[in-house]
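# Per-entry structural report
As a plain string of letters, each chain reads:
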Amino acid sequence: MRRFWVTSCLFAFLGCGGGDGGSGGGGGAAETAPLGNASISGMVMFSGDAPANPAIDMSEEPECAAKHTDGPTNPIVSVTDGHLANVFVRVVGGLPGGPYPVPSEPATIDQNGCLYVPRVVGVMVGQTLAITNSDPLLHNIKAVPTENRLFNISQPRAGMTSNRIFTAPEIMVPFECSVHGWMNAYAGVVEHPYFAVSGADGSFTISGLPAGTYQLEAWHETLGTQSGDVTVEADGSATLNFTFGG
Amino acid sequence: MSWILPPSASTFAGEIDFLYYVILVITGIAFVVVEVGLLVFAIKYRARPGRKAQYIEGSTKAEIIWTAVPAVTLVIIGLMSGGVWNHIKGRNSIPPNAIPYEVHVKQFEWNFTYRGPDGQLGTSDDFIVRNQLHIPVNRPVELQLIAEDVIHSFFVPAFRVKQDAVPGMDIRVWFEATKVGEYEIACAELCGLGHYRMRARVFVHSAEDYQQWLSDRAAAADEE
Amino acid sequence: MATSAVSLEPAAHVEAHELSFLRKYIFSTDHKIIGIQFLLMSFVFLLFGGLMAMMIRWQLGFPERPLPAGQLLPETMAPGGILLPEFYNSLVTMHGTIMVFFAIMPLLVGVFGNYLIPLKLGAPDMAFPRLNMASFWIAFSAGILMMAGFFVEGGHAAAGWTAYAPLSADPEWTGVSGGQQIWLLSIAILGLASIMGALNYITTVVNLRAPGMTWFRMPLSIWALFVTAILVLLAIPILSGAAIMLFFDQTIGTHFFDWTDGGQVILWQHLFWYFGHPEVYILILPAMGMVSDIIANGSRKPVFGYHSMVFALISISFLGWVVWGHHMFQSGMNPTLGMTFMISTMIIAVPSAIKVFNWMGTMWRGNIRFHVPMLHSVGFVAMFVIGGLSGIFMAATPVDIYIHDTYFIVAHIHYVLFGGSLFAIFAAVTYWYPKMFGRMMNSTVGKVHFWLTFLFYNMTFFPMHDLGIAGHMRRIYDPSQYEFLQPLAPLNRFITVSALLLFTVQILFAANFIMSWFKGKKAGENPWEANGLEWTVPSPPPHGNFAKVPTVYRGPYEYSSPLVEEDFLLQTRKLASDVDPAAAGP
């Protein structure tokens, strides 16, 4: 008898419990209401000859190798026609004080062709980061942040989603895959929503700002950081470009 | 369902397999003696009305026999095993002409470092191949296992090779493949969630094919 | 209640006032109640451990299919009901941990040590009854703490029940931090309970034997429990020390096992196995002792070679300290140690062989009654011998190169722990159940349970030898990743189905246990016509056990003695030819 009750209680616990900051959305229920209508956009340039990115040996991962028509390379420095992608740009000064409402929409990062896509992603403190696997094989998402809790989880099959929430700002949380040593990604965890990641064409846009003067910082995983200031009027737009050297 | 070992392809596999079969026969005999004995006793000496058990407290002679026979048998097995063990794992038994490789073992990959065309490990023409070990047939090879995070274990079932890779320790393992072909490498020490997928392959080439493969790799490396 | 070590006052002086329900059944200092508390607690953990095994087997047998009721499990363990690899590793870890520390060890040492030692020695209780009570509640707390590990972030410990560093030392490698820390704390706390128990058992055996109960008139069950208690006393502190060191590495920045900062990775293995090998003898010796008692009773014959059996128990316990390296043959330790540990390991096989032959000798020319305890005991011998013989393969170091960390080892472990210890536990529980609860377990259900368990047990574990010979590794979430393992998938399925049947059949034992408590045939003092002192008191015995201090005139195995008509002769029955012992005490 006693055993029956204890077992039932255990199952009840298991059904409800299970610990960590897993499923579920971020803090806010409603969409972020922008503080203003101004936007800052710009281009991230790369000056000099683009360095060659190292080739990745995917010979022992045929399902991933098949997704790359040319020999896969590790896009550490991703330059197209002098434009630099995967630069994390955020406002570091000039903002009115928070707290800022957290979007219920998750930020997303995928594992596809044995690469993290996108390589750099921004997420707010308290916002869900949805990690997905588009490869039909095991990926191991390992993050060893300095300000946030480490996690080390698996996604053995395609179509899986794991949700994580970061509780402290951190520039940048490094992601690895232990199964595929070349796989890296970076998440910028910010207290406010004013960040962007430069695209393949080097462009970025940060919108929803009130009028003001802002200090911005652009971060690249190997090329360091660059700073810049810009002033923008209410409902207006301004441009700020960054250039990283080779 | 069988107790027959799978096919092997290394020089010392034969010694290991022989020892295994000797033990199989000896333990098989002991197994039959005990199990049949138990069954026979259970049937023959089951209680029936009018029977009585025989009040026997023991037999020194029996004790001596069944102490000495197992002891002698086990000592023999031990002596047979000692030589083989020393030959495979002894610190001084690595053949001096073994081709050296480095294996950087991590969660959850095997990165094999080849010495490159100059024939020396630790020089700039070394190259790394992930999860593929290419070796020539009928040549001893020596792998230095360098674990980078936790304990792993280099296991090639077909070669009867197994050696733990321990972070912080200089671990060497040697073997000599006897048949051209492709064999699997598994990790045989729980090393985390990807332990089950920590698979690599050994490619045993003929001497010519091995040279060809090496030069193809060197050429490809030059192009990069 | 008398608490001095050398006190044999009869039970008559015991307080006539009624204790409250709480004092009588919950916080009891009566060794019999404490034994039953350990029994109930251990059965619960046995069930948990078994459930975990079923989940592991499901994954190995039917990897693409969601676990039945798997949707109850959270996303972090089994999204869509399919286990995640990290949770699988945790299950493998916790199955081993719970079975070894919270099921088998307390069942053998906590239950039967407590229940049998005072009764079979003619003592009113243990030497330290309050320490005994503390030992149970501390063990219980350790168990609750261990279960809490499932609910923390990062999940429960997942580095194997052997917790090898560095996997267990740094959360970075598994994502598990709280779980491993809870594991270590729980083990250390349980260790405290074990040490307390060991102190009690040793003191009681040395000091509280009834007049005439000389060392060589003690039953083998008590010899085994005594020797086991010494092993516990000496081995558990090593585990506790190692656990504390690992806990410190995890929490306060020490580097005992951290090679990057002066530590030694395989130090953990040496410490763990220095405890771990005596531990496996802790897990089998009491079983061997009780099986000896039961086989003698079933055969209606003295134990063949009683003195050899005692000698074998003692040699196993001594030799058990110098074989630990056989768990580490492939660990990277100096290969010369491979030779030395091989020799000592070969030697330790001998006393176990001696015991097997002596059990057979006991049955030879007996008049065997196949009551349920006897069935399980003969089953024990039949299966323990398989476990022992498979050990010889591993002891031969070159063969171990191939079979280390494969299912051959898993087969060996389960033949000695389940085929051995658990069958002995079934035997012992059935045998002493009437004494504990005053009722008999149903014999027909017991026989059906034995045969079905024996059948499904062998169908589950014997094929694991084949898996191992084929090279199938242990602790592998998905064997299909390897081409050489893919042909073994049908065998894995067969094993899984057998395991599910094996688990299901245990309902018979559970139902028998529970129903007999209320509805079982009432038992007299001596339903098995046995010789030990416990069979001279009512079933169940009163507090204080013996109305008068018993006097012992002979050993415990005088079955079919020529001195009397009956085929058994109680240790305490005075015959015309018997003389009273000169004085009380050893």
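It should be emphasised that the depicted structure is a prediction, and the values quoted were computed from it without experimental measurement.

Rules behind the numbers
Residues numbered from 1 in each chain as written. Chains lettered and ligands numbered in written order. Predicted model: local features only at pLDDT ≥ 70, side-chain atom pairs only at ≥ 80, totals over all residues. Helix = DSSP H or I, 4+ residues; strand = E, 2+ residues; numbered from the N terminus. Rg over C-alpha atoms; globule rule 2.2 N^0.38 Å. Contact = placed C-beta atoms within 7 Å. Nonpolar A, V, L, I, M, F, W, Y, C, P; charged D, E, K, R; others polar. Core = buried A, V, L, I, M, F, W, Y, C linked by C-beta atoms within 7 Å. Buried ≥ 20, exposed ≤ 12 C-beta atoms within 10 Å, placed from the backbone. Domains from an automatic or database assignment. Pairing = 2+ DSSP bridges. Axes fitted to C-alpha atoms, helices over the stretch in contact; angles between N-to-C directions. Parallel < 35°, antiparallel > 145°, perpendicular 65-115°, else oblique. Left-handed = near helix turned anticlockwise from the far one by under 90°. pLDDT = per-residue confidence, 0-100. Expected span 1.5 Å × (residues − 1). Bend = angle between axes of the 7 residues up to and from the residue.

## As for the overall build of chain B
A tally of helices and strands in chain B yields three helices and 10 strands. Its helices and strands in sequence order give chain B the pattern α-α-β-β-β-β-β-β-β-β-β-β-α, from N to C terminus. Whereas a compact globule of 224 residues would reach a radius of gyration of roughly 17 Å, chain B reaches 25 Å, over 25% beyond that. Reported as C-alpha extents along the three principal axes, the dimensions of chain B are approximately 95 × 35 × 35 Å. Excluding contacts between residues fewer than 6 apart, the proportion of contacts in chain B whose partners are at least 24 apart in sequence is 63%.

## Brief notes about the interface of chain C and chain B
Between chain C and chain B, the contact holds 83 residues from the first and 75 residues from the second. Broken down by secondary-structure element, the contributors of at least two residues to the side of chain C that touches chain B are α3 (85-121), α7 (265-282), α9 (306-319), α10 (335-363), α11 (372-395), α12 (397-403) and α14 (443-469) of chain C. Per-element accounting of the side of chain C that touches chain B gives the leading share, 15 residues, to α10(C). Looking at the side of chain C that touches chain B residue by residue, the class counts come to 52 nonpolar, 20 polar and 11 charged.

## With respect to the nonpolar core
Residues I104(C), L246(C), W268(C) and A427(C) are the most contacted members of the largest nonpolar core, which totals 333 residues. A total of 23 residues in this core trace back to one element, the largest contributor, which is α3(C). Each of two domains, domain 1 (13-89) and domain 2 (99-223) of chain B, supplies a minimum of three residues to this core. Other than its neighbours up to four places away in sequence, W268(C) contacts Y164(C), A165(C), A242(C), L246(C) and F257(C).

## Regarding the sheet that holds strand β5 (residues 140-147) of chain B
All names here are of chain B. Spatially, the five strands line up as an open sheet ordered β3-β2-β1-β5-β8, and their pairing is mixed. In this open sheet, the two edge strands, each paired with only one partner strand, are β3 (127-130) and β8 (171-176). The average undirected angle you get between the axes of adjacent strands in this sheet is 30°. Of the strand pairs in this sheet, strand β2 (residues 109-114) and β3 are connected by four bridges, and their pairing is antiparallel. Bridging from a neighbouring strand, T113 pairs with I128 of β3.

## Some remarks on the pairing of strand β19 (residues 242-245) of chain A
All names here are of chain A. Here β19 shows a clear split, with F242 and F244 buried on one side and none of T243 and G245 buried on the other. When strand β1 (residues 38-47) meets β19, the two strands line up parallel, connected through four bridges. By the bridge assignment for β19, V44 is matched with F242.

## What to know about the packing of α3(C) against helix α8 (residues 285-299) of chain C
The relative placement of two packed helices comes down to the angle between their axes together with the axis-to-axis distance. Residue and element names in this part refer to chain C. Orientation of α3 relative to α8, taken along the N-to-C sense of each, is 50°, at an axis distance of 9 Å. By the angle class used here, α3 and α8 are oblique. For the pair α3 and α8, the crossing hand works out as left-handed. On α8, the residues that touch L108, V109 and F112 of α3 are P286, A287 and M290. The residue makeup of the contact of α3 with α8, split by class, is six nonpolar, no polar and no charged.

## Notes on the domain arrangement of chain B
Taken domain by domain, chain B comprises domain 1 (13-89) and domain 2 (99-223). Computed over C-alpha atoms, the centres of domain 1 of chain B and domain 2 of chain B are 42 Å apart.

## Brief notes about the sheet that holds strand β9 (residues 139-143) of chain A
Strands belonging to one sheet form pairs held by backbone hydrogen bonds; the direction of such a pair is parallel or antiparallel. All names here are of chain A. As summarised here, the arrangement of the five strands in space is β7-β13-β12-β9-β10, forming an open sheet in which the pairing is mixed. The open sheet terminates on both sides in strands that have one partner only, identified here as β7 (120-124) and β10 (151-155). Neighbour to neighbour, the strand axes of the sheet diverge by 25° on average, direction disregarded.

## Considering unusual backbone geometry
Note: most peptide bonds trans; most residues except glycine with negative phi. Residue M172(A) is reached from I171(A) by a cis peptide bond, and omega for that bond is -5°. Among the secondary structure elements, M172(A) is positioned in strand β12 (residues 170-177). Following S539(C), the chain continues into P540(C) via a peptide bond in cis, with omega recorded as -5°. Note that P540(C) resides in the segment after α15 (489-519). A positive phi angle is found at C114(A), which is not glycine, with a value near 60°.

## Overview of the confidence of the model for chain A
Averaged over every residue, the pLDDT of chain A is 87; residues scoring 70 or more account for 86%. Of the regions scoring below 50 in pLDDT, residues 5-31 of chain A engages in 47 contacts with residues more than four places distant in sequence or in other chains.

## Notes on the environment of L193(B)
By the element assignment, L193(B) lies in the loop between β9 (181-187) and β10 (200-205). Each C-alpha atom of the pair L193(B) and Q107(B) lies 8.9 Å from the other, and the pair is 86 residues apart in sequence. Apart from the residues lying within four places of it in its own chain, the contact partners of L193(B) are N140(A), S154(A), P85(C), E86(C) and N89(C).

## Looking at the pairing of β10(A)
All names here are of chain A. Of all the five residues making up β10, five are buried; the element is thus mostly covered by neighbouring parts of the structure. By the alternation rule, side chains of β10 split into F151, I153 and Q155 and N152 and S154, which are all buried. As defined by bridge partners, β9 adjoins β10 across five bridges and the pair is classed as antiparallel. The residue bridging N140 from the neighbouring strand is S154, located in β10.

## Let's talk about the packing of helix α2 (residues 60-89) of chain B against α10(C)
Interaxial distance between α2(B) and α10(C) falls to 9 Å at its minimum, and their mutual angle equals 155°. The angle between α2(B) and α10(C) places the two elements in the roughly antiparallel class. Crossing handedness for the pair α2(B) and α10(C): right-handed.

## Observations concerning α14(C)
Residues and elements named next belong to chain C. Helix length check: α14 (27 residues) gives 39 Å between terminal C-alpha atoms against 39 Å at 1.5 Å per residue, within 8%. At N458, α14 shows its largest bend, some 25°. Among the residues trailing α14, G471 stands out with phi positive, at a value near 100°.

## Here's the deal with the environment of G50(B)
Tracing the backbone through its elements, the reader meets G50(B) in the loop between α1 (13-44) and α2. Between the C-alpha atoms of G50(B) and P7(B), which are 43 residues apart in sequence, the distance is 58 Å.

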